[in-house]
Amino acid sequence: MIPANHDGDAAGDVNGMGTMQARERIRIVLVAGVRLYRDGLAAELDSRPGLSMVGVAGDLDTAVGSVRRTRPDVVLFDIGMRQIIDLVQAVRSTHAPAHIVALAVDESERDIAACAEAGVTGFVTRDVGVDGLAEAIAAAVRGELTCSPRAAALLFRRVAELSTLKGERRAEERLLSALTSRERQIASLLAAGRANKEISALLNIEVTTVKNHVHRILEKLQVATRTEAAIRMRDAVVGN
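Enquirer: Looking at this structure, how should I read the overall build of the protein chain?
Expert: Looking only at helices and strands, the protein chain has 11 helices and 5 strands in total. For the protein chain, long-range pairs separated by at least 24 residues make up 63% of all intrachain contacts whose partners lie at least 6 apart in sequence. Summed over all atoms, the accessible surface of the protein chain reaches about 13,200 Å², with 52% contributed by carbon and sulfur.

Spelled out as structure tokens, the structure:
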């Protein structure tokens, strides 16, 4: 087994290799909640040629401390841990140049999307053996994304959805940019649910003037009713 100190971090050069040899190996920190699983996987990976287990952790604080001290090449996270997203963000905050690989991924759209958006480099499903995991680690160091065909499909779909949303938002922004400052003011009041008479009183202008502005707002926003205009304005506020 890997010798460890009191907080669960593995010793630096676990195989007693020379400094140059250790530097050529991929340095790994493993984060997993179950100690038996964590210790067994750490020992198995450390025995593989080209891999060096420099730290193990079972919680957020220990993981962040280990990453700061050891500056690993790869951080392995067990996706089953409740704090997975917090862990990814915390590792990024250390500014360590580590690639992040998620273990035991469920391949649900929610989990895949959340990990990808958090900055995970690779995804390893529950049925992948140690050989497959070792290959995923090496691929991560090469800057390659490792995931199953299903995970890749989910990621591509997510990218397409985000691209569509971005395009829709740009179109909305172009429409809104056509409004004058007075029209924006009135459109904002429409979004707040104000009636024409209320807008007239608030802005100290004639009701007919308000109606004219509302008509032009509907035309510029390409909507048929003031309710649609109000929704578009509210969406613009939320989007920003």
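Now that the structure is up, let's keep going.
Enquirer: How do you make sense of the pattern of salt bridges when you look at a structure like this?
Expert: Oppositely charged side chains are able to pair whenever their charged atoms sit close together. One pass over the full model with this rule turns up 7 salt bridges. When the shortest N-O distance is used, the salt bridge between Glu144 and Arg142 registers 3.1 Å. Glu198 is paired through a salt bridge with Arg194; the nearest N and O atoms lie 3.5 Å apart. The exposure class of Glu198 is partly exposed, given its relative accessible area of 35%. What emerges from the salt-bridge pattern is a single network uniting Glu44, Arg48 and Asp131.

Enquirer: What is the right way to read helix H3 (residues 60-70) from this model?
Expert: Each α-helix turn comprises 3.6 residues. Residues three or four places apart therefore point the same way. Residues of H3 that are buried include every one of Thr62, Ala63, Val64, Gly65, Ser66, Val67 and Thr70, and no others. Among the structural elements, strand S1 (26-31), strand S2 (51-57), strand S3 (74-78) and helix H4 (84-93) are those in contact with the buried residues of H3. The backbone nitrogen of Asp61 has a side-chain oxygen 3.3 Å away, supplied by the residue at the start of H3, namely Asp59. Of the residues one or two after H3, Arg71 is the one with positive phi, at around 50°.

Enquirer: I would appreciate a short explanation of the environment of Leu45 in the present structure.
Expert: Topologically, Leu45 is positioned in helix H2 (residues 35-46). Between the C-alpha atoms of Leu45 and Val130, which are 85 residues apart in sequence, the distance is 7.4 Å.

Enquirer: Can you help me understand the packing of helix H8 (residues 181-191) against helix H9 (residues 196-203) in this one?
Expert: Helix-helix packing is characterised by the crossing angle of the two axes and by the distance between the axes. One can describe the packing of H8 onto H9 by two numbers: an axis separation of 10 Å at closest approach and a directional angle of 130°. Taken together, the axes of H8 and H9 are oblique relative to one another. When you trace H8 past H9, the crossing you get is right-handed. Residues Arg182, Gln185, Ile186, Leu189 and Leu190 of H8 pack against Ile199, Leu202 and Leu203 of H9. A breakdown of the residues in the contact of H8 with H9 according to their chemical character gives 6 nonpolar, 1 polar and 1 charged.

Enquirer: I would appreciate a short explanation of the nonpolar core in the present structure.
Expert: One recurring pattern in soluble globular proteins: nonpolar side chains tend to sit buried together. With 23 residues, the main nonpolar core has Val31, Val75, Phe77, Val88 and Val120 as its most contacted residues. Residue assignment for this core shows that the elements contributing at least two residues are S1, S2, H3, S3, H4, strand S4 (99-105) and helix H5 (109-118). Top contributing element to this core by residue count: H4, with 4 residues. Ignoring any residue separated from it by four or fewer positions in sequence, one finds Val88 in contact with Phe77, Ile100, Ala118, Gly119 and Val120. Ile26, Leu30, Leu45 and Val74 belong to the second largest nonpolar core, which has 19 residues in total.

Enquirer: Which parts of the structure should I look at to understand the pairing of S1?
Expert: Every regular strand shows the same layout, with side chains that alternate between the two sheet faces. In terms of burial, S1 is largely enclosed, as 5 of its 6 residues are buried. Examined bridge by bridge, S1 and S2 share 6 bridges and lie parallel to one another. Bridging from a neighbouring strand, Arg27 pairs with Ser52 of S2. For the handedness criterion, the β-α-β arrangement of S1, H2 and S2 is classed as right-handed. Pairing of S1 with S3, which is carried by 4 bridges, proceeds in the parallel orientation. Within S3, the residue paired with Val29 across the bridge is Val75.

Cut-offs applied
Residues numbered from 1 in each chain as written. Predicted model: local features only at pLDDT ≥ 70, side-chain atom pairs only at ≥ 80, totals over all residues. Heavy atoms only, no water. Helix = DSSP H or I, 4+ residues; strand = E, 2+ residues; numbered from the N terminus. Contact = heavy atoms within 4.5 Å. Areas by Shrake-Rupley, 256 points an atom, 1.4 Å probe, with all protein chains shown as cover. Salt bridge = Lys/Arg side-chain N within 4 Å of Asp/Glu carboxyl O. Buried < 20%, exposed > 50% of the residue type's maximum accessible area, 1.4 Å probe, protein only. Polar contact = N/O pair within 3.5 Å; in protein donor to acceptor, adjacent residues only side chain to side chain. Axes fitted to C-alpha atoms, helices over the stretch in contact; angles between N-to-C directions. Parallel < 35°, antiparallel > 145°, perpendicular 65-115°, else oblique. Left-handed = near helix turned anticlockwise from the far one by under 90°. Nonpolar A, V, L, I, M, F, W, Y, C, P; charged D, E, K, R; others polar. Core = buried A, V, L, I, M, F, W, Y, C linked by side-chain atoms within 4.5 Å. Pairing = 2+ DSSP bridges. Right-handed = clockwise from strand over helix to strand, strands pointing away.

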